[in-house]
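Chains, contacts and geometry: an overview
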Amino acid sequence: MMKTPINSQIVDQKLALCEIHKMEDATIRDVVRVVNMIEEESGEKFIRMEMGVPGLKPAKVGIEAEKQALEDGVASAYPMLEGVRALKEEASKFVKNFMNVDIAPEGIVPTVGSMQGGYAAFMTIGNCDAKKDTILFIDPGFPVQKTQLEVMNQKYESFDVFNYRGDKLKAKLEEFLVKGNIAGIIYSNPNNPAWICFNEDELQIIGELANKYDTIVMEDLAYFAMDFRTDLSQPGVAPYQPSVANYTDNYVLMISSSKAFSYAGQRIGLLCISNKLFHTRFENLKPRFGADEFGYTLIYRIIYTLSSGTSHSAQYALRAMLKAANEGKFNFIEEVKEYGERAKIMKKLFLENGFELVYEGDIDLPLADGFYFTVTYPGLSGPDLNKKLLYYGISAICLNETGSLKEGLRACVSQVSRKQFKVLESRLKEFHKHHQILA
């Protein structure tokens, strides 16, 4: 084998040690683990694109508020299960200011990141109707959400939306919904990993079908307002973050503080339940959970038993960040535009060295530059490309892990600093030189 930036024997040894025999079977955390081991053994730093970890400093307004809360002694007290009242009220204002959607404070629940919010919502939604036992994923999407359902022994189905954008989405969704077993629909917007963004027509299709088939939509807003093609940063001023909430009352929104506020380490997110759904009673919930109201069951049965609430001090941090955003004192979108700038430069480097974008357009619009992009290399499958890039000190995850039917990789820009661009360019050039025969 030709000489590569990373010793090939070290790569092969660590893959074997981690029992990664097929890259298509490697989870995000599997890749993180093996790359950590390769870096330690080789002494070479990788271009880390496998995990969506914020690469910017956390918002100072949040840090100061959390420090003050700790000084005030909140660490000694259990938080209320439904969340700190001041946070719930500020979150309600935030949803109105940046989405133009009305959700009462009682329906907004802080969770241990959107991961816990999603878990609790899956469990509630999957038990609302005995005839509806399946969650439908509009893929590609966040891989761990399927793992959550597998842990719960809950059924799911999925389809890759690549060929079903625009008007085609309705017929494809109805193929699943007409069977009568779909309890909920989930997607991310902007999308992880493709970074496509559903437009108003598509969201209307999803909302109207949710009404028609009495299905609950889970809208994952992990990358809230991060479609940088449109300025969504001004409170109370259009345009707003697009949402299915404009077209149905059957919805749960998941808003993360990890990316938009770079506050991932404190594990705080918001589960926002529509006013109607919060108070809807489902007879099928009662035998298992002892309660039949959707909101009560989710908070006082499921979140209670999962974690007894969410980090007390982190709630004050999130409240302060939302308050500053609501008052126009903190432009959180301006803070994270750096991701779009990095993506623009990194995509250019990949394209100049023989790579191609997998998801390259957004119906009739150019794809936005953001937290992720997707690449492939002619002549190589996604798993083959993923393994080969390890020898060149570049790590990513296979698209099949996200539910995509396309060959290629998901590249996350957040951990790649501008100081590493020259190294990335050099490694890509070397890879291309060694593999042009395949193109």
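Not measured: the values here are computed from a predicted model.

**So, the side chain of Gln420**
Looking at the secondary structure, you find Gln420 in the loop between strand 15 (409–412) and helix 15 (421–435). Judged by its relative accessible area of 11%, Gln420 is buried. Setting aside its immediate chain neighbours within four residues, Gln420 contacts Lys45, Phe46, Ile47 and Gln415.

**Side note on the pairing of strand 8 (residues 269–273)**
Counting buried positions along strand 8 yields five of five residues, so the element is predominantly enclosed. Burial along strand 8 is two-sided: the residues Gly269, Leu271 and Ile273 and Leu270 and Cys272 are all buried. Bridging between strand 2 (residues 108–111) and strand 8 involves four bridges; their strand directions are antiparallel. Looking at strand 8, one finds that Ile108 is bridged to Cys272. Note: strand 7 (residues 251–256) against strand 8, five bridges, orientation antiparallel. Each residue of the ladder has a partner; that of Leu253, found in strand 8, is Cys272.

**Section: the sheet that holds strand 9 (residues 356–357)**
Taken in spatial order, the four strands make up an open sheet running 9-12-15-14, and their pairing is antiparallel. Each having just a single partner strand, strand 9 and strand 14 (397–398) make up the two edges of the open sheet. Across two bridges, strand 9 lies against strand 12 (residues 372–376) in antiparallel orientation. The partner of Leu357 across the bridge, within strand 12, is Val375.

**Comments concerning the state of the cysteines**
Counted under the stated rule, the structure contains zero disulfides. Unpaired in terms of disulfides, Cys197 finds its nearest cysteine sulfur in Cys412, a separation of 15 Å. For Cys197, a relative accessible area of 9% corresponds to the buried category.

**Describing helix 5 (residues 113–125)**
For the α-helix, the turn length of 3.6 residues means that residues three or four positions removed from each other point alike. Under the 1.5 Å per step criterion, the end-to-end length of helix 5 is 18 Å for 13 residues, consistent within 8% with the ideal 18 Å. Of all 13 residues in helix 5, twelve are buried; the element is thus mostly enclosed. Residues of helix 5 that are buried include every one of Gly113, Ser114, Gln116, Gly117, Gly118, Tyr119, Ala120, Ala121, Phe122, Met123, Thr124 and Ile125, and no others.

**Considering the sheet that holds strand 3 (residues 134–139)**
Here we have seven strands laid out as an open sheet, ordered 2-8-7-6-5-3-4, and mixed in their pairing. Two strands lie at the open edges of the sheet, namely strand 2 and strand 4 (155–160), each paired on one side alone. When strand polarity is set aside, the average angle formed by the axes of neighbouring strands in this sheet is 20°. Bridge analysis of strand 6 (residues 216–221) against strand 7 gives five bridges, and the strand direction is parallel. By the bridge assignment for strand 7, Glu219 is matched with Leu253.

**Focus on the domain arrangement of the chain**
Its domain assignment divides the chain into domain 1 (8–56 + 333–435) and domain 2 (60–327). On a C-alpha basis, the centres of domain 1 and domain 2 stand 28 Å from each other. Across the contact, 32 residues belong to domain 1 and 30 residues belong to domain 2. In this assembly, domain 1 packs against domain 2 so that about 2600 Å² is buried in total across both faces, 66% of it on carbon and sulfur atoms. When the buried surface of domain 1 facing domain 2 is broken down by residue, Ile333, Tyr359 and Tyr372 rank first, second and third, together holding 22% of it. One can count two salt bridges joining domain 1 with domain 2. As a salt-bridge pair, Asp362 and Arg229 come within 2.9 Å of each other at their nearest N and O atoms. The interface formed by domain 1 and domain 2 holds eleven residue pairs in polar contact (both at pLDDT 80 or more) in total. If you tally residues by element for the side of domain 1 that touches domain 2, the top one is helix 13 (residues 332–352), at five residues. Here the residues of the side of domain 1 that touches domain 2 are counted per class, giving 18 nonpolar, eight polar and six charged.

Conventions and cut-offs
Residues numbered from 1 in each chain as written. Predicted model: local features only at pLDDT ≥ 70, side-chain atom pairs only at ≥ 80, totals over all residues. Heavy atoms only, no water. Helix = DSSP H or I, 4+ residues; strand = E, 2+ residues; numbered from the N terminus. Buried < 20%, exposed > 50% of the residue type's maximum accessible area, 1.4 Å probe, protein only. Contact = heavy atoms within 4.5 Å. Pairing = 2+ DSSP bridges. Disulfide = S-S within 2.5 Å. Expected span 1.5 Å × (residues − 1). Axes fitted to C-alpha atoms, helices over the stretch in contact; angles between N-to-C directions. Domains from an automatic or database assignment. Buried area = accessible area lost by both parts, 1.4 Å probe. Salt bridge = Lys/Arg side-chain N within 4 Å of Asp/Glu carboxyl O. Polar contact = N/O pair within 3.5 Å; in protein donor to acceptor, adjacent residues only side chain to side chain. Nonpolar A, V, L, I, M, F, W, Y, C, P; charged D, E, K, R; others polar.

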